[in-house]
Amino acid sequence: MKPFPRILAAISLVIVFGAFASDQTPTVDWGTVAKIREEGLQRSQVMDIAGYIVDVLGARLTNSEDMKRAQAWAKGKMGELGLENVVIEPFMDYGVTWDNDYFSLHMLEPDYQPMTGFPLSHTPGTQGRIACPAVVAELQTKADLAKFKGKLKGAAVLASPPLAINQASLAAGVARLTDEDLKKLQENVVPPAPRATPPPPNPDLLKPEEKIAFFKAEGAVAVLQCDGGRPGVVVGFARPGTKDDKWSREKSLESLPIVAVTPEHYNRMYRILKRGLAVKIEVEIRNRIGEKAEKAANVVGEIPGTDLKDEVVMLGAHFDSWHASPNASDDAAGCAVALEAARILKAIGAKPRRTIRVALWGGEEQGLYGSQEYVRKHFGNPKEPKNPPTPDYEKFSAYFNQDYGAGQFRGIYLQGNEHARRLFAAWMEPFRDFGLTAISIQSVGSTDHVAFDAAGLPGFQFIQDRIAGTAGHTNLDFLDTLAAEDLMKNAVVEAAFAYQAAMADERVPRKTLK
Ligand SMILES: [Zn+2]
């Protein structure tokens, strides 16, 4: 071979590799990252924001008066932080508002015991203060109904079996992710096959709403139940059937008061009754039920972009919670992190090319309704002929979400999107000292990034440490469950990811839409 072509070959090789390298190595704006770190780690307001949401605003059940008050605050807070185009944006015909104003539960006999619990949402209150016998009535199948006919009048029904309490769960605490855990997450490279469809339910089994209707028809005055199994923790959600009847006022009023009780107190009553001894309780519940169905809402605000302002990067978390506690870790923490990320970017005077939009969703706990309806309205979905992609679909870059408790970010799930790996690897580089190192190809579910992912839009959830005290969906999720340093780091990472995504030469690439 002649020397000349060899040199030419070498030169062209350099050119090819050069071009390849610049494509493959996204730039990191270390100067801006340094400013974000300084603002977020030395002048953080994330705990002040989280504290206001948790301590002052409290629980935020979708479409409650509590939630409306909280959303009005969030709108004001976004404005105060300097976000623009701030709106409380309605998203679907939901149902009536429901708020608990008062709750009291006691065992009166055979021994006095104040009891811990709370009413399920979208249940009626009691007719004043009621003292009544408690009766065990565990129903499984339609054949069980005859056994309890004529035996429940004027009684409070213990409708669930006693619960085995996992006493070790408190002592063991919750370990942070170890290097070995992170390694496993990264090496688990084959996404799982879709789950098989479950078999149809046994038609003889009673549905929860059928049980309640039977108790009501039999003249019971309240239903007591127990779920969960951690010491001192009360778990309870909504009246069965609420999604089907769209949180209807009539259905709520014609149901029975249903109370979730702490396992220790529930088990005590249950054991006494099983001895054949009487238990007498006292219960009083006052709930406020709205008169007419209303739309639920998201709260959205943005830092408008500059030359690429029609293109959008989004950050968010669900603002709604279950109603038994302020749900600090689920997901006041994620909302505080998104708001603090926006605050940091405004504080350092960031001028992103793309628009950075913060969304605090409603309706997540009932089924990701807020984010799904938002995606449908603003971006569309190529798989839904009735909601074809809007002009904004192509201009969307990525959505980043925090909702796996309040622990710090240790990496990110790619959601099956290999194309995003090299960008995220570059953007994580400045945060190795935070322990933010892992990229997992796995897809994860159960929260608002899924709404984007399902429409073929890049939506991501971070890999998070599980820290002690994360007790979402319970009566025990207060500010004390949050660790300030974790949330400070998360806000810094979210701000940096949002900024880099808003400044990058390209939008976050997409995976093939299945
Ligand atoms: Zn959540």
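The text that follows walks through the structure, step by step, so that each part is easy to find. If you're wondering where the values come from, they're calculated on a predicted model, not measured in any experiment.

This brings us to the nonpolar core. Counting 75 residues, the largest nonpolar core has Phe 319, Phe 400, Phe 424, Trp 427 and Phe 497 as its most contacted members. Sequence-distant contacts of Phe 319, that is, excluding residues within four places in its chain, are made with Ile 53, Leu 57, Arg 60, Met 67, Ala 70, Gln 71, Trp 73, Ala 74, Cys 335, Leu 360 and Trp 361.

Another aspect to go through is unusual backbone geometry. A cis amide bond, omega 10 degrees, links Glu 109 with the succeeding residue Pro 110. Summarising the element assignment, Pro 110 is placed in the loop between β2 (98-109) and β3 (113-114). In this model, Asp 330 is joined to Asp 331 through a cis peptide bond whose omega is 10 degrees. Inspection of the secondary structure assignment puts Asp 331 in helix α11 (residues 328-347). The phi dihedral of Asn 85 falls on the positive side, at around 50 degrees, and the residue is not glycine. Tracing the backbone through its elements, the reader meets Asn 85 in strand β1 (residues 84-95). Unusually for a residue other than glycine, Asn 327 sits at a positive phi of about 50 degrees.

All right, on to the packing of helix α2 (residues 30-42) against helix α17 (residues 484-503) then. For the pair α2 and α17, the least separation of the axes is 9 Å and the interaxial angle reads 150 degrees. Classified by the angle their axes make, α2 and α17 are roughly antiparallel. Crossing geometry of α2 relative to α17 is assigned as right-handed. On α17, the residues that touch Thr 32, Val 33, Ile 36, Arg 37, Gly 40 and Leu 41 of α2 are Met 488, Lys 489, Val 492, Ala 495, Ala 496, Tyr 499 and Gln 500. Of the residues belonging to the contact of α2 with α17, the class tally is eight nonpolar, three polar and two charged.

Let us look at the packing of aromatic side chains. Considering all chains together, one arrives at 25 aromatic pairs under this definition. Residues Tyr 399 and Phe 452 carry aromatic rings whose centres are separated by 4.4 Å and whose planes lie at 15 degrees to one another, so their mutual orientation is stacked. Pair noted here: Tyr 399 is in strand β13 (residues 396-401) and Phe 452 is in helix α16 (residues 449-454), with a separation of 53 residues, a long-range link. Phe 452 carries the same exposure label as Tyr 399, and that label is buried. Taken together, Phe 400, Phe 409, Phe 424, Trp 427, Phe 460, Phe 462 and Phe 497 form an aromatic cluster joined through their ring pairs. Sitting above the plane of the Phe 319 ring, Arg 60 keeps its charged end 5.5 Å from the centroid. The cationic tip of Arg 510 hangs over the ring face of Tyr 393; the distance from NZ or CZ to the ring centre is 5.0 Å.

To continue, consider the coordination of the zinc ion. Within the protein, His 318 (NE2), Asp 330 (OD), Asp 403 (OD) and Asp 403 (OD) serve as the donor atoms for the zinc ion, at 1.8 to 2.5 Å. Going along the chain, you hit the donors of the zinc ion in the pattern H-x11-D-x72-D. Of this pair, Asp 330 sits in helix α11 while Asp 403 sits in the loop between β13 and β14 (409-413); the two residues are 73 residues apart in sequence, bridging distant segments of the chain. A single burial state applies to Asp 330 and to Asp 403, both of which are buried.

Now for helix α4 (residues 65-80). In this model, α4 (16 residues) spans 23 Å end to end at C-alpha, consistent with the 22 Å of a helix rising 1.5 Å per residue. Here α4 has its buried residues at Met 67, Ala 70, Gln 71, Trp 73, Ala 74, Lys 77 and Met 78. One side of α4 carries all its buried residues, which in axial view fall inside an arc of 160 degrees. Summarising the contacts, the buried residues of α4 are in contact with α3 (46-57), β1, β10 (294-303), α11 and β12 (354-361). Immediately beyond the C-terminal end of α4, within one or two residues, lies Gly 82, with a positive phi of roughly 95 degrees.

Rules and cut-offs
Residues numbered from 1 in each chain as written. Predicted model: local features only at pLDDT ≥ 70, side-chain atom pairs only at ≥ 80, totals over all residues. Heavy atoms only, no water. Core = buried A, V, L, I, M, F, W, Y, C linked by side-chain atoms within 4.5 Å. Buried < 20%, exposed > 50% of the residue type's maximum accessible area, 1.4 Å probe, protein only. Contact = heavy atoms within 4.5 Å. Helix = DSSP H or I, 4+ residues; strand = E, 2+ residues; numbered from the N terminus. Axes fitted to C-alpha atoms, helices over the stretch in contact; angles between N-to-C directions. Parallel < 35°, antiparallel > 145°, perpendicular 65-115°, else oblique. Left-handed = near helix turned anticlockwise from the far one by under 90°. Nonpolar A, V, L, I, M, F, W, Y, C, P; charged D, E, K, R; others polar. Phe/Tyr/Trp six-rings, centres within 6.5 Å; stacked < 30°, edge-to-face > 60°. Lys NZ or Arg CZ within 6 Å of the ring centre and 35° of its normal. Donors = N, O, S within 2.8 Å, 3.2 Å for Na, K, Ca; no water. Expected span 1.5 Å × (residues − 1). Arc of directions from axis to C-beta.

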